[in-house]
Amino acid sequence: MGNQENKNPYTGEKSKITKIELKERIEAKLVTRGVYDPSEATEEQLYVATVHAIKDIMLEYRSSFRKRVRAVDGKRICYLCMEFLVGRSLKNVSMNLGIYSNLCEILTEFGSTFEKVYACEVDPGLGNGGLGRLAACFMDSLAAQDYAANGYSLLYENGLFKQKIIDGEQVELPDSWLSSGGTWLVPRPEKSVTVRFGGRIEEKWENGELKFVNYDYDEVKAVPYDLLIPGTVTDAVNNICLWRARQAYSPMMHYTSQSSYLRDLSNSNNAEIITQQLYPNDNYDEGKLLRLTQQYFLVSASLQSIISDYFAEHGSLKGFEDKISLHINDTHPALCIPELMRILMDVYSYSWDDAWAIVVKTVSYTNHTVLPEALECWRVDLFSMKLPRIFMIVNEINRRFTADLWNLYPGDWDRISRMAIVAYNQVRMANLSVVGSHTVNGVSQLHSDILKKTIFKDFYKMTPWKFTNVTNGVVHRRWLNYANPGLCKLLDELIGTAYREDASELIKLEAFKDDASVLKRIEDIKHYNKETFAYYVYQKTGKRLDPTSIFDVQIKRMHEYKRQLLNVLKIISLYNEILENPNADIPPQTFIFGCKAAPGYAMAKKLIKLIWFLSEELERNPLTRDRLKVVFMEEYNVSLAEVLIPSADISEQISLAGKEASGTGCMKLMMNGALTMGTLDGANVEILAATGRENIYIFGLNTPEVEELWRNGYVSRDYYHRSDKLKRVVDRFNKPIGGQDFSHISDYLINGGYGVADPFMCLADFDSYCYAYGKAIKDYGDRAMWSRMSLMNTATSGVFASDNSISKYANDIWHADPIYKAKK
């Protein structure tokens, strides 16, 4: 980098980029685009030139890092996930590289500002929710801690959708982000591979070996694009390899007539459909086939690349299982198990037993849900048609596994059928993931315990050593250091800057919990952050928020089990109280929702409509206009979260106990000093243990109580008749809200409509929730006490840094060392 060398070759501490060098690099990139005077460049031109200059810096660091990896033959972690919700990169990358301050000064000298240039960047549509955000956090932490790791996913041309709310209805618009948002990508066409689908399989004997030959298949070209992920202290730069589907052969090569050209053009379009859309609608067979195609495309392309690189470096596949760790994040990449078997047996002539030994030593699996609808299963007819060779291998895995089960549990057909990979005309991806992995983990202690007692109970009894827990985490650098500069300035003054890399240092803040001047500064910082978010909302929507009001925030995917409806019941209860007693002592409160509903999820869309029209009604009523405000933030994404989370006073984590695997939004909010209002579910249990009961608001049924209530027969109507407050709230749905009929909500809660009444027990937890919320509102009136509680949440949040999660994965599951510690 220039003529500088790494300051410490052993640790890989990176050389620093000076302001002069950075400025020269950006100017050079502008010149290549025909801009000779930076002061005449548009913001878009400055953005593109800056990104390309920073990419060059990262590529140089990556080259240096890879030399260190090769020198010690370090273990590589390959993290497969269908989504990576990375958010915008310019601020995060420049902060990680240590060039942010210089970059701000340079852009000002060019006649612009960092914020104006940053505004040119769009949020990449590479992910949707917690799964993708977790994966992005992990890639950040892997690089920061000097691990050799690559993520693998697909380069979706369109994200899930752009959310627009029109008269309360969610409208899904195309999220065509790639046309303007691909600047950070590094295309690697020379590393392209081909993936085969369909056709027929014939068995042939050649030289005494049985071969499986695929005929009449469709072939798709997988072109990789690297998204570079830099570390902080060292020169580590890893990447997320994003595969884009293209037709294997150019249509023009086969052009013999107009009809053949059109046929080939159609084939090209069919191939490119594979990576056109994140999570295509799978309510019909074509959508199911497309999702299955996406998943196999991801794992086949990734494994071909991983194996090819390993073979090129080592000359054989010897030691592959010791130097490569394949991690499947949820069941979407589970096909890597049979695909690795296929490559080892069909391409490299391994025996079944030898190939299987490599697979189970290499693959590990993280489960993210206990919800039945989220445990992927594929119909046998669709699976065998699309992936005939893979189906043969899965069937053989299943045959051998069930034979072992028969020896262990002779005659226990029920157990064997529950554990089978192929049964009842379905291929069960969760079972395949468990059978083909050496380790299976949940993502919070409660979730991991539930897995062992419920969906994986039989597997746990058979192989208890396979199961462990790694609680989720978030990148504190992005979500605290970069998102909340005011709080970090205070932290720097009070406890030094070591926490910026080591989140465990945050606990030192506890020493200031009784310092009145510190508590006042925490209160002032929160108020400033609320003013910042209020201005953001005004710019986006024209709505005015009161920054002196309590900001009550619920930001998560719209789903019944996450119980946004319970939050609405609470708001309506407060509304009723004001209507009945306009002089009631109810301080100003702002309820902020951010979420998307899946396009085919009718109930979730109804709840969004309810929130929107409740907001309208409260705004129209002069009694509530300045006391209760509901804000639905459409198109919730990473960029919005970075402004909202530092402003939150209350963090709503109110899922029914036993349903939320972990959650990571709760951790980001906690780090930024929001107080959790939560059930004993997911990571809330561990937040309670970390911060203490005096710094959190816990309410509602716990998991055993929920299970017992279901066994005894849950009747929501009993709770309705038992509580006058609840009865008035539910009855409110039988009157128009915002001029709209929501009587179906009361029917859903009391009668069940076409299903179980109140399936996620909103009514059972209502009174407890309102009591806890009322206590929080009362406590908020004592600002010094509230600030002390806020301080304690930040001080104890270090355990939820994703650096800790990655260390546990590396030590207990992947058995990998940071490269600076590795020995050849």
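A.B. asks: So what's going on with the sheet that holds strand 15 (residues 426-428)? Which residues, and what values?
C.D. replies: Strand pairing within a sheet occurs via backbone hydrogen bonds; the two strands may be parallel or antiparallel. With respect to topology, three strands assemble into an open sheet ordered 13-15-14, the strand pairing being antiparallel. Both outer strands of the open sheet, strand 13 (377-379) and strand 14 (422-423), are each paired with one neighbouring strand and no more. By the bridge criterion, three bridges tie strand 13 to strand 15 in an arrangement that is antiparallel. Residue pairing in the sheet places Arg379 in a bridge with Gln426 of strand 15.

A.B. asks: Tell me what's going on with the sheet that holds strand 19 (residues 589-594), and back it up with residues and numbers.
C.D. replies: The parallel open sheet is built from six strands, whose spatial order is 20-19-18-21-22-23. A single partner strand is all that each edge strand has here, and the edge strands are strand 20 (628-632) and strand 23 (697-698). Taken together, the six bridges between strand 18 (residues 550-555) and strand 19 define a ladder with parallel strand orientation. Across the sheet, Asp552 pairs through a bridge with Phe591, a residue of strand 19. Those strands touched by helix 23 (residues 602-620) are strand 19 and strand 20, and its axis lies near 140° from that of strand 20.

A.B. asks: I'd like a rundown of the environment of Ser384, residues and numbers included.
C.D. replies: Structurally, Ser384 can be placed in helix 13 (residues 380-386). Overall, Ser384 belongs to the partly exposed group, its relative accessible area being 25%. As a C-alpha pair, Ser384 and Leu210 span 174 residues in sequence and 21 Å in three-dimensional space. Within the structure, the side chain of Ser384 is placed 2.8 Å from the backbone oxygen of Val380, a separation counted as a polar contact.

A.B. asks: Describe the state of the cysteines, and please don't skip the residues or the numbers.
C.D. replies: Counted according to the given criterion, the structure contains zero disulfides. In this structure Cys770 is a free cysteine whose sulfur lies 11 Å from that of Cys762, the closest cysteine sulfur available. For Cys770, a relative accessible area of 13% translates into the label buried.

A.B. asks: So what's going on with the side chain of Thr691? Residues and values would help.
C.D. replies: Tracing the backbone shows Thr691 in helix 26 (residues 684-691). Among the residues examined, Thr691 registers a relative accessible area of 2% and is labelled buried. Polar side-chain contacts of Thr691 include one of 3.3 Å to the side chain of Thr796. Setting aside residues no more than four positions away along its own chain, Thr691 makes contact with Met670, Ile696, Met792, Asn793 and Thr796.

A.B. asks: A description of the nonpolar core should follow, citing residues and the corresponding values.
C.D. replies: Side chains that are nonpolar tend, in soluble globular proteins, to be buried together. Counting residues in each nonpolar core, the largest one holds 149 residues, and the members touching the most others are Trp243, Phe297, Phe383 and Trp814. Those residues in contact with Trp814 that sit more than four places away from it in its chain are Lys75, Ile77, Tyr79, Leu142, Ser325, His327, Ser364, Ile806 and Tyr809. Listed in part, the 73 residues of the second largest apolar core include Tyr561, Cys595, Val706 and Tyr773.

A.B. asks: Could you give an account of unusual backbone geometry, with specific residues and numbers?
C.D. replies: Notably, Asp73 is not glycine yet its phi reads approximately 50°, a positive angle. By secondary structure assignment, the location of Asp73 is in the loop between helix 2 (43-72) and strand 1 (76-80). The phi angle at Ser349 is positive, at roughly 60°, despite the residue not being glycine. Secondary-structure assignment places Ser349 in the loop between helix 11 (336-347) and helix 12 (352-362). Residue classification places Ser349 among the partly exposed residues on the basis of a relative accessible area of 40%.

A.B. asks: Describe the pattern of salt bridges, naming the residues involved and giving the relevant values.
C.D. replies: Tallied over the entire structure, the rule returns 59 salt bridges. Taken together, the salt bridges that share partners define one network made up of Lys19, Lys23, Glu105 and Glu109.

Rules of the game
Residues numbered from 1 in each chain as written. Predicted model: local features only at pLDDT ≥ 70, side-chain atom pairs only at ≥ 80, totals over all residues. Heavy atoms only, no water. Pairing = 2+ DSSP bridges. Helix = DSSP H or I, 4+ residues; strand = E, 2+ residues; numbered from the N terminus. Contact = heavy atoms within 4.5 Å. Axes fitted to C-alpha atoms, helices over the stretch in contact; angles between N-to-C directions. Buried < 20%, exposed > 50% of the residue type's maximum accessible area, 1.4 Å probe, protein only. Polar contact = N/O pair within 3.5 Å; in protein donor to acceptor, adjacent residues only side chain to side chain. Disulfide = S-S within 2.5 Å. Core = buried A, V, L, I, M, F, W, Y, C linked by side-chain atoms within 4.5 Å. Salt bridge = Lys/Arg side-chain N within 4 Å of Asp/Glu carboxyl O.

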